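Examining the three-dimensional arrangement
Listed here are the chains, written in short residue letters.
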Amino acid sequence: METVGNMVVKYWDNHRSLDQKMIDLKRKLVDLNALKQDVESRKRAELHPRKKLKSQVDVWFRNVERINDEIQNLDQRVAQSISISRGFCMEDVLKKIQEVEELLQQGKFDQGLVVDDLMWIGQALSTTNLVGKAAEICMEEIWTCLMDDDIGKIGVWGMGGLGKTTIMKLINNQLLKKTEKFNTIIWITVSKEMNISNIQKGILRAMREKLHEDEDETIRAGMLNEMLTRRGRYVLILDDLWDKLSLEEVGIPDLSNGSKLVVTTRMLDVCRYLGCREIRMPTLPKQDAWSLFLEKVGRDVLKYPDLFPIVESVVEQCAGLPLAIVTVASSMKGITNVHEWRNALNELSRRVRGVTGLDEKVLQQLQFSYDHLEHERVQHCFLYCALYPEDYSIHERILIELWIAEGLVEEMDSQQAELDQGYTILNELKNNCLLENCEYPELVKLHDLVRDMALRITRPRFLVRAGLQLKEIPHVQEWTKDLEKVSLMSNYGLQIPSQMSPPNCQMLTTLLLSDCGIKSIPDCFFEQMKGLKVLDLSGNNFRILPSSIFNLEALTVLLVRRCDYLEEVPSFSKLEALKKLDLSGRAINYVPRGIFPKFSCLRDLVIFDDDQPVCVRGEEIGELRKLLYFKGWFYDLNELNTFVQTSQSRGQRLIRYYVVVGLKKIPNDSPWDKYIELSGCKICRNGVKFPSDLQQLRINYGIVDFPEEEVFFPCFIPTPNGMFSFLKEIYIFRCEKIKKLFTCSWVLSNLPNLEVLTVEICHGMEEIIASEMEFVEEERMGGSNSNTIQFTLPKLRKLDLRLLPDLKSICGANRVMVCDSIEKITIDHCPKLQRIPLYLPLLDDGQPSPPPSLKEFFISSREQLRSAEWDHPNAKSVLEPFITHWRL
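Residues numbered from 1 in each chain as written. Predicted model: local features only at pLDDT ≥ 70, side-chain atom pairs only at ≥ 80, totals over all residues. Heavy atoms only, no water.

To continue, consider the overall build of the protein. Secondary structure summary: the protein contains 25 helices and 33 strands in total. Counting only residues that meet the buried cut, the protein has 53% of its 888 residues in that class. Of the contacts formed within the protein by residues at least 6 apart in sequence, a portion of 68% connects residues at least 24 apart. (Helix = DSSP H or I, 4+ residues; strand = E, 2+ residues; numbered from the N terminus. Buried < 20%, exposed > 50% of the residue type's maximum accessible area, 1.4 Å probe, protein only. Contact = heavy atoms within 4.5 Å.)

In structure tokens form, the structure reads like this:
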């Protein structure tokens, strides 16, 4: 039995070791909060639509929040306890240490943070409004069939350009709201080159399911059948089906459980083969066609009586087809000259009379819009879009850059001027309805009929077999001497026979072989393509590049992105005409020195890998006088400094750059055009040179090298005033030795345009914006100044301070920050920070008001919120609507 004396001795020992245990507990808590920050970053990366957070992850986050509050209360209890009672706190401290250690183990989440959200039922699609009563009646008929349990298959048929896809997109979006009827809505675009495997993969992608790429079609069909059956009631929409389809071969179960199959097609036979309830998509009645035409051409034509009968006849030539009406009307928008309208009518009439077959007539009507493009240059840009596969989403900027490289955009004094002209052409094509926007911004595509029209115009100058699942390259006989452009992109598994003779295509300017998984290219393949300007070999599996590439002296664009097996890049010294070179990919680990200065025309250079450094020399990059865009990796700060010095001395004017320095990298998509990241670099005073137009600076794992008495971050002292005047974002992560980030005067001189400031996990950080040394000395000697000093960060939108255990001040004891643009402030686990130095403007009655743009003020600890000091007694109540914190 334990005596009273033994108990006293035990608690006295506990009293003496309690302080050390509390220190251990706080250190472990810092590690836990750092882990929480990392898990939150993973959560942002993994938590996509159709996914939800695992319950265990949600519980873990709540437990981390709880333990933070409990340890904060325990720390206060230990500090306030009298000497003899402190020993009795040891048991609670040890318990909390054990809990924190358990949470550290639990927080690894090796199996990921999210699971599929089984409540997901589909994807909303962007669309346009229906035109006319006939289309509304058709949509109502489709909807009635969908709600009828006795009808399982519905076939919507009619010629191209009637709006079948538009009407089914509206149906798709309406079905998403009918959750009590169907569990899952699946939309698949089939297109002309139907392929069972592609349909299967499309359905699996839509359901967020995965199967092995090499799985046999029959096995995949069985597994797909099981998955669809488990989904309960579903609606499967197959848009643009061109041929008869075996549902059994695909793996689509029978529809006896109330599920539905809807197809859109141009062929009535397809509907009948599948046993569908047939619904014909009507053409527009005369009045609806007239209304749609006026909407697109503009009602100004009604002001000219002489035009009225001609315009009416033009509308009649469009035969009630919405696509034809829209494209023809868009091409005539703004024209009021009667002669031009009469000529347009004659052209349309002649085209339509000269062909048979409904689809052919549509193509002729669409070609009218192409012919009426104002400049031949714009026509060429349009035809270039046909090189992409059917229904392909084309990135606008990449397309424009290829136009520029091809010489389809007029050469101008600056790249920005050329880009502007490219976007002007793009908008002209959109305005004429020859290009249409995709579901997501900055992406465009061709309607399949418009693409068919473009391919017909380009025969025999273009050879386009993109996205057709070819397994072997077209026979050499198809590579005629007159070919100008060849696109075989997106044919994964494509092979080029080693014995194939090199195609004799001296006129060829463009060859697109991207995303084909090609394992080898014969060495002589490019020997007779001397005029080649654009070569895209991205997304292939070869280990070496064929030697014949290096003699393509006219080449201006070479893209070798995502070639994961490419082991090294040999010399491109003969390719002196290159304007764009992209070698981004995971496997490139060696680039010969001395090759870049030979590229006197080079404007775009990308040598980058998100996973491992592919370092280049700063001097070589700085020598490229015409370089406008650079994305690359430097080994250390010496290379960065050399790059900056050389670039400035050579008069280089980069429009965009994305530079990582060091051997570590944190994944980050920069919203800015001019970005530098220092990762694991040794930083000392006067040791870093930055471009004067830098917009975003990110410093990760900074190894700071300066005397102990130095407390300021060496990157920011001393620098000339205005050196960072273009800087919009600063991110500091795990720079442990820094105590103070900036001086106040430095901020005022250098950061007038700063929009985002983030400081995370810097354990030594005590102050963000510090007073100058003279002011510090005055305070130390007992001087005081009761007047609050304001300093302004006029464009600061976001201030984010996280896991800074020693942070005591944001900007000094008697200073306040005027941030009229502030939107969000985050103070996350900064326990020593008491004062919130945010200036609040005063109203006429003397009461404070929140900054006009403020949306959220987050403070992780409720205790910190209660004890926070503000510069006005009513500040907390004024900001209350914006304040959030962790809730238990």
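Back to the text.
Here 3 strands make up an open sheet; going across it, the order is S8-S10-S9 and the pairing antiparallel. Looking at the sheet topology across the chains shown, the edges are occupied by strand S8 (394-395) and strand S9 (436-437). As paired elements, S9 and strand S10 (residues 443-445) share 2 bridges and run antiparallel to each other. Bridge assignment links Asn-437 to a residue of S10, and that residue is Val-444. (Pairing = 2+ DSSP bridges.)

Attention now moves to the pattern of salt bridges. Evaluated as defined, the whole model comprises 38 salt bridges. Between Glu-623 and Arg-650 there is a salt bridge; the shortest N-O distance is 3.1 Å. Separated by 27 residues along the polypeptide, Glu-623 in the loop between helix H20 (618-622) and strand S18 (629-634) and Arg-650 in the loop between helix H21 (637-649) and strand S19 (656-662) bring together distant segments of the chain. Note that Lys-728 and Glu-755 form a salt bridge whose closest N and O atoms lie 3.7 Å from each other. Residue Lys-728 is located in the loop between strand S23 (703-704) and strand S24 (729-733), and its partner Glu-755 is located in the loop between helix H22 (744-750) and strand S26 (756-760); the two are separated by 27 residues in the primary sequence. Residues joined by salt bridges that share partners form a network here, namely Lys-36, Glu-40, Asp-800, Arg-802 and Asp-828. (Salt bridge = Lys/Arg side-chain N within 4 Å of Asp/Glu carboxyl O.)

In spatial order, the strands read S4-S5-S6-S3-S7; together these 5 strands make up an open sheet with parallel pairing. The sheet terminates laterally at strand S4 (184-191) and strand S7 (277-280), the two strands that pair on one side only. Taken over all neighbouring pairs, the strand axes of this sheet differ in orientation by 15 degrees on average, direction set aside. Bridging between S4 and strand S5 (residues 234-241) involves 7 bridges; their strand directions are parallel. Its bridge partner being in S5, Ser-191 is matched across the sheet by Leu-241. (Axes fitted to C-alpha atoms, helices over the stretch in contact; angles between N-to-C directions.)

For the rest of this paragraph, the subject is the side chain of Ser-487. Checked against the element boundaries, Ser-487 lands in strand S12 (residues 485-487). One polar contact links the side chain of Ser-487 to the main-chain carbonyl oxygen of Leu-387, over a distance of 2.5 Å. In contact with Ser-487, other than residues within four places in its own chain, are Leu-387, Leu-463, Val-464, Arg-465, Ala-466 and Leu-512. (Polar contact = N/O pair within 3.5 Å; in protein donor to acceptor, adjacent residues only side chain to side chain.)

Relative to the helices and strands, Leu-537 is located in the loop between strand S14 (534-536) and strand S15 (557-559). On the basis of relative accessibility, which here comes to 0%, the residue Leu-537 falls in the buried class. Put simply, Leu-537 and Leu-511 are 26 residues apart on the chain and 8.7 Å apart in space, counted from C-alpha to C-alpha. In contact with Leu-537, not counting residues within four places along its chain, are Leu-513, Ile-521, Phe-526, Phe-542, Leu-545, Ile-549, Leu-559 and Cys-563.

A separate point is helix H19 (residues 448-458). In terms of burial, H19 is a largely internal element, 10 of the 11 residues being buried. All of the buried residues in H19 are Asp-448, Leu-449, Val-450, Arg-451, Asp-452, Met-453, Ala-454, Leu-455, Ile-457 and Thr-458.

This part is about the packing of aromatic side chains. What the rule picks out here adds up to 20 aromatic pairs. With a centroid separation of 5.5 Å and an interplanar angle of 70 degrees, the aromatic rings of Trp-60 and Phe-61 are classed as edge-to-face. Comparing Trp-60 with Phe-61, the two get one shared label, buried. Aromatic side chains Trp-60 and Phe-109 sit 5.6 Å apart centroid to centroid with 90 degrees between the ring planes, which places their arrangement in the edge-to-face category. Placement of Trp-60 in helix H2 (residues 55-80) and of Phe-109 in the loop between helix H4 (90-106) and strand S2 (114-116) is noted, with a sequence separation of 49 residues between them. When its relative accessible area of 1% is taken as the criterion, Trp-60 is described as buried. Members of the aromatic cluster, each reached through a chain of ring pairs, are Phe-608, Trp-633, Tyr-658 and Tyr-675. Over the face of the ring belonging to Phe-61 we find Lys-43, whose NZ or CZ atom lies 5.3 Å from the ring centre. Here the guanidinium or amino end of Arg-656 rests over the ring plane of Tyr-629, the centre of that ring lying 4.0 Å away. (Phe/Tyr/Trp six-rings, centres within 6.5 Å; stacked < 30°, edge-to-face > 60°. Lys NZ or Arg CZ within 6 Å of the ring centre and 35° of its normal.)

All right, on to the pairing of strand S20 (residues 674-679) then. S20 sits mainly inside the fold: 6 of its 6 residues count as buried. Residues Lys-674, Ile-676 and Leu-678 point to one face of S20 and Tyr-675, Glu-677 and Ser-679 to the other, with burial holding for every one of them. Pairing of S19 with S20 involves 6 bridges; the strand directions are parallel. In the sheet register, Tyr-658 faces S20, and the bridge partner there is Tyr-675. One ladder, built from 5 bridges, connects S20 with strand S22 (residues 696-700); its direction is parallel. Opposite Glu-677, over in S22, you have Arg-698 as the bridge partner.

Close contact between helix H16 (residues 376-384) and helix H18 (residues 415-431) brings their axes to 10 Å; oriented N to C, the two are set at 75 degrees. Put simply, H16 runs roughly perpendicular to H18. Side by side, H16 and H18 meet where Val-378, Cys-381 and Phe-382 of the first sit next to Ile-425, Glu-428 and Leu-429 of the second. Looking at the contact of H16 with H18, its residues break down into 5 nonpolar, no polar and 1 charged. (Parallel < 35°, antiparallel > 145°, perpendicular 65-115°, else oblique. Nonpolar A, V, L, I, M, F, W, Y, C, P; charged D, E, K, R; others polar.)

What follows is about the environment of Pro-546. Among the secondary structure elements, Pro-546 is positioned in the loop between S14 and S15. Distance from Pro-546 to Ile-521, taken between C-alpha atoms, is 6.2 Å for residues 25 residues apart in sequence. Apart from the residues within four sequence positions on either side, Pro-546 is in contact with Ile-521, Pro-522, Asp-523 and Phe-526.

For the rest of this paragraph, the subject is a negative patch on the surface. Taken together, the side chains of Asp-216, Glu-217, Glu-248 and Glu-249 define an acidic patch exposed on the protein surface. Of note, Asp-216 is situated in the loop between helix H7 (196-206) and helix H8 (217-230). (Patch = residues over 30% accessible without salt bridge, like charges linked within 9 Å, V, L, I, M, F, W, Y side chains within 5 Å. Areas by Shrake-Rupley, 256 points an atom, 1.4 Å probe, with all protein chains shown as cover. Lys, Arg positive; Asp, Glu negative; His and termini not counted. Charge placed at Lys NZ, Arg CZ, Asp CG, Glu CD.)

That bond from Arg-459 to Pro-460 is cis: its omega, -5 degrees, falls within 30 degrees of zero. By secondary structure assignment, the location of Pro-460 is in the loop between H19 and strand S11 (462-464). Phi at Asp-240 is positive, roughly 65 degrees, even though this residue is not glycine. Among the secondary structure elements, Asp-240 is positioned in strand S5. Accessibility expressed as a relative area gives 10% for Asp-240, which makes it buried. Notably, Ile-761 is not glycine yet its phi reads approximately 50 degrees, a positive angle. Within the secondary structure, Ile-761 sits in the loop between S26 and strand S27 (767-770).

Here we take up helix H13 (residues 322-331). Of all 10 residues in H13, 10 are buried, a share of seventy percent or more. All of the buried residues in H13 are Pro-322, Leu-323, Ala-324, Ile-325, Val-326, Thr-327, Val-328, Ala-329, Ser-330 and Ser-331.

Summed over the entire model, instances satisfying the criterion amount to 0 disulfides. Note on Cys-744: no disulfide assigned, nearest cysteine sulfur contributed by Cys-811 at a separation of 7.6 Å. (Disulfide = S-S within 2.5 Å.)

Turning to the nonpolar core, a few remarks are in order. Counting 115 residues, the largest nonpolar core has Trp-479, Leu-511, Phe-526, Leu-640 and Leu-678 as the members making the most contacts within it. No other element matches H21, which puts 4 residues into this core. Those residues within four positions of Leu-511 in sequence are excluded, and the remaining contacts are Trp-479, Val-486, Phe-525, Phe-526, Met-529, Leu-532, Val-534, Leu-535 and Asp-536. Ile-142, Leu-399, Leu-402 and Ala-454 belong to the second-largest nonpolar core, a separate cluster that totals 99 residues. (Core = buried A, V, L, I, M, F, W, Y, C linked by side-chain atoms within 4.5 Å.)

Shape is all these values report; function is a separate question.
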